[in-house]
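# Residue-level structure breakdown
One-letter residues, chain by chain:
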Amino acid sequence: MTTAPLTLWTHALAALLFGMLALAQIRAGGGGLPRATFIAALIATALWALAVAGIDSRDVATRVAESVRNLAWLAFMYALARRDGAHAPLRWVSGVYGAVALVAIGCAMLALVSATVSDRAALSALSYTRVALRMLVAAAALVLVHQLRAGALWRARGGMRIVGIALMLMWGVDLAVYAGAWLTDRWPAGLIDARGAVMVALAPLFGLAVQRDGEWTLQVSRTVALQSLSIVTAGLYVVVTGLVMGVIAAFGGDHARIAQTAFVLGTAAALMTIVSTPWVRAWAKVQVAKHLFSHRYDYRSEWLRFTETLGSPGVELASLDRRVIKAIADLTGSPGGALLVPDGAALGAGADWAWPDAPLPPEPDTALFAHLAGTARIIEIDAVRAGTADPADVAAVGDWLRDSSTAWAVVPLLHFDRLAGAVVLHRPMLDRALDWEDFDLFGVAGRQAASYLAEARAHAALADAQRFDEFNRRFAFIMHDLKNLVSQLTLVARNAERHADNPAFRADMVATLTDSSQRMNALLAKLSQHHGSRGEPVRAVPLLGIAQRIADGRRAQHPVLVSGDAGVAAIADPVALETLVTHLVQNAIEASAPDAPVTLAVAAANGAASITVVDRGCGMTPAFVRDELFRPFVSAKPGGFGLGAFEARQLAEAMGGTIGVASREGEGTRFCITLPLAPPSDAVMGMAA
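Residues numbered from 1 in each chain as written. Predicted model: local features only at pLDDT ≥ 70, side-chain atom pairs only at ≥ 80, totals over all residues. Heavy atoms only, no water.

## Some points on the sheet that holds strand β1 (residues 337-342)
- The five strands are arranged β2-β1-β5-β4-β3 in an open sheet whose pairing can be described as antiparallel. Each edge of the sheet is formed by a strand with only one pairing partner; in this case those strands are β2 (347-353) and β3 (379-380).
- Of the pairings in the sheet, the one linking strand β4 (residues 407-415) to strand β5 (residues 418-426) comprises eight bridges and is antiparallel in character. Following the sheet pairing, A409 is matched in β5 by L425.
- Helix α13 (residues 320-331) contacts β1, β2, β4 and β5 of the sheet and is inclined by roughly 75° relative to β2. (Pairing = 2+ DSSP bridges. Helix = DSSP H or I, 4+ residues; strand = E, 2+ residues; numbered from the N terminus. Contact = heavy atoms within 4.5 Å. Axes fitted to C-alpha atoms, helices over the stretch in contact; angles between N-to-C directions.)

Here it is in structure tokens:
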């Protein structure tokens, strides 16, 4: 007898895997009957698979090895049954195990007897009997595995459940093999190959289900569990297909090939259609989590996905509101959701994700806002519709939510006990009621999402505050400039009482009024949010011309003298420079006596150009110059704003210059504005301009 290559390799690999698993369990140590019987079952399975690969599945030694393997697994199952303290009455269970073990021993005896019988009729009868007994052993073992599910150990241990699934697959394949042999009256080679492949797949399942301390706890992630379930499903499909193909070949006659082809194509198409259905995938995830794990959710992977969704905007989820909805909806597989946002003391319509016809409040909902803000409860809308929810939940949910059959749950988003919004979830593909894990996960996720929303709104508020701060800063400077203009016009009005009949004074007064109106229009332009910080780009600016223009503008209010070299030019913004010098000249005029002129001196030295503003006023103390002069909103003058010197230094530094101060009480003050000196050619061009 020869062994087919596929049978050889699959069973040889199964023998290697079960042998390695047995060796690992032996080296792990520990005692107890379940471990001992488990190791014995692993060794017996490895020897049986090795016999199938090395001899033949129909050899007497292989059949005896299979009986030994069956007895070892029955002993392991019985040890589990005895270990389960909350098990059903064990007396009748022990009797069943004993009866099945006797049948397995009988199979081994029949295999030995058949080796000594030469009569074909007697040999055929023994073969039929042995196959029937093998079927009986496999069917009874399946019943016993199912009976283990009633115990507390099955409910408490996830690994126990995966071991039970592996045993059911093993006994199920055996039942399929012997049922095929009994129905077709010949040894089903295809099913033998499939059994080897299934045994290869079962070895990792047994290995993943155990720990070194002997406890039957699950050591596999949900992803691996789903992938393993897919592999097992594919194996079962192959086994069932092989069995049906054998039956068709036995009874199909001349049309067997056509029937087999139609069966394979039809079942493959049906399987692909079922597997690709979203409802089936959701159902599989729920079943794996329910029966193989102690918790519904894989919290690590769920939290990683949750934070990834919140922190990774894309084309579809550019809005944070939409990312919040999707992150919470993905937790339970909801296909869509809608966000309700605070509108005063109520909840109004916000964004939606994958739910264009989401229910929205026709007007801001104050009752729902007050309930969620006060209780932070997750509301199950189905329970509200059924009247089984908390009375407060029932009273808070409006008709706009009750009337929507697709609305499933409301998750509040609280940030430091303040309601940042609420997410209404679409009913998931696999409809179910919320449980305690859903409530706990929604509560934590809602607070995390609320922190993102609160941070985004805080950033928006900060941006608004910064815009207001910029406006206020401009307004403060403008108020100071207006104060200077008012002071200038006041002096003009005061001098008009004495010099109104002087034609030269009237000409100066008109020039002053014209200049003041132009400056007021410029100040109004500064209040615009589109106003830039510079009126013009920097260029070569003749300093003596600016000094003379400022002096001419002040002639009607106070004498201002100008001196210096007309060829000196600085690299500056002419508008900002004139504003700067005007501030200092106005301060000097206010600090001086009516008959004490203010001096503007233009000079150039050491690669720098300067304008010096000198007055013979009251002067300042060194402490005031050092600590107070350039601080905003600090002034030594009654009614002053304390912004002139501060804005002057801001303007000078913006042009790359500096302001120096020398002052002595009772003698006056000297402000020296230093700016980059323009080359001579640029100075000539500036004068021409």
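Resuming the write-up.
## Observations regarding the packing of aromatic side chains
- Inspection of the entire model under this criterion finds eight aromatic pairs.
- When the centroid spacing of 5.8 Å and the interplanar angle of 80° are considered together, the rings of W73 and F76 count as edge-to-face. With W73 and F76 both in helix α3 (residues 60-83) and three residues apart, this pair spans about one turn of that helix.
- The structure contains a cluster of three or more aromatic residues connected by ring pairs, namely F18, F38, W73, F76 and F206.
- The lysine or arginine in question, R69, covers the ring of W48, its NZ or CZ lying 4.5 Å from the ring centre. (Phe/Tyr/Trp six-rings, centres within 6.5 Å; stacked < 30°, edge-to-face > 60°. Lys NZ or Arg CZ within 6 Å of the ring centre and 35° of its normal.)

## With respect to helix α14 (residues 366-375)
- Inspection of α14 places L368, F369, H371 and L372 among the buried residues, and these make up the whole buried set.
- The N-terminus of α14 is capped by D365, whose side-chain oxygen sits 3.2 Å from the backbone nitrogen of A367. (Buried < 20%, exposed > 50% of the residue type's maximum accessible area, 1.4 Å probe, protein only. Polar contact = N/O pair within 3.5 Å; in protein donor to acceptor, adjacent residues only side chain to side chain.)

## Overview of the sheet that holds strand β10 (residues 608-615)
- Taken in spatial order, the five strands of this open sheet run β7-β9-β10-β12-β11, and their pairing is mixed. Only two strands of the sheet have a single neighbouring strand rather than two, namely β7 (560-564) and β11 (658-664). Averaged over all pairs of adjacent strands, the angle between strand axes in this sheet comes to 15°, irrespective of strand direction.
- The pairing of β10 with strand β12 (residues 668-676) spans eight bridges and is antiparallel. Directly across from A609, in β12, lies its bridge partner L675.
- Along the sheet face, helix α20 (residues 543-553) touches β7, β9 (598-605) and β10 and points at about 170° away from the line of β7.

## Remarks on a nonpolar patch on the surface
- Where nonpolar side chains cluster on the molecular surface, the patch consists of L102, I105, M109 and L112 and spans about 390 Å² of accessible area.
- Exposure remark for L102: the relative accessible area of 60% places this residue in the exposed category. (Patch = residues over 30% accessible without salt bridge, like charges linked within 9 Å, V, L, I, M, F, W, Y side chains within 5 Å. Areas by Shrake-Rupley, 256 points an atom, 1.4 Å probe, with all protein chains shown as cover. Salt bridge = Lys/Arg side-chain N within 4 Å of Asp/Glu carboxyl O.)

## With respect to α13
- Over its twelve residues, α13 extends 17 Å from the first C-alpha to the last, a length consistent with the 16 Å expected when each residue adds 1.5 Å.
- Counting buried positions along α13 yields ten of twelve residues, so the element is predominantly enclosed.
- All of the buried residues along α13 are L320, R323, V324, I325, K326, A327, I328, A329, D330 and L331.
- For α13, the capping residue at the N-terminal end is S319, with a side-chain oxygen 3.2 Å from the backbone nitrogen of D321.
- Once α13 ends, the next one or two residues include G333, with phi positive near 75°. (Expected span 1.5 Å × (residues − 1).)

## Quick notes on the nonpolar core
- Formed by 52 residues in total, the largest nonpolar core has its most connected members in F18, W73, Y97, L167, W171, L202 and F206.
- Breaking this core down by element, the ones donating at least two residues are α1 (5-28), α2 (33-54), α3, α4 (90-114), α5 (120-148), α7 (158-184) and α8 (189-208).
- With ten residues, α7 is the single largest residue contributor to this core.
- Sequence-distant contacts of L202, that is, excluding residues within four places in its chain, are made with A166, L169 and M170.
- In this structure, I550, F624, F630 and I659 belong to the second largest nonpolar core, which totals 40 residues. (Core = buried A, V, L, I, M, F, W, Y, C linked by side-chain atoms within 4.5 Å.)

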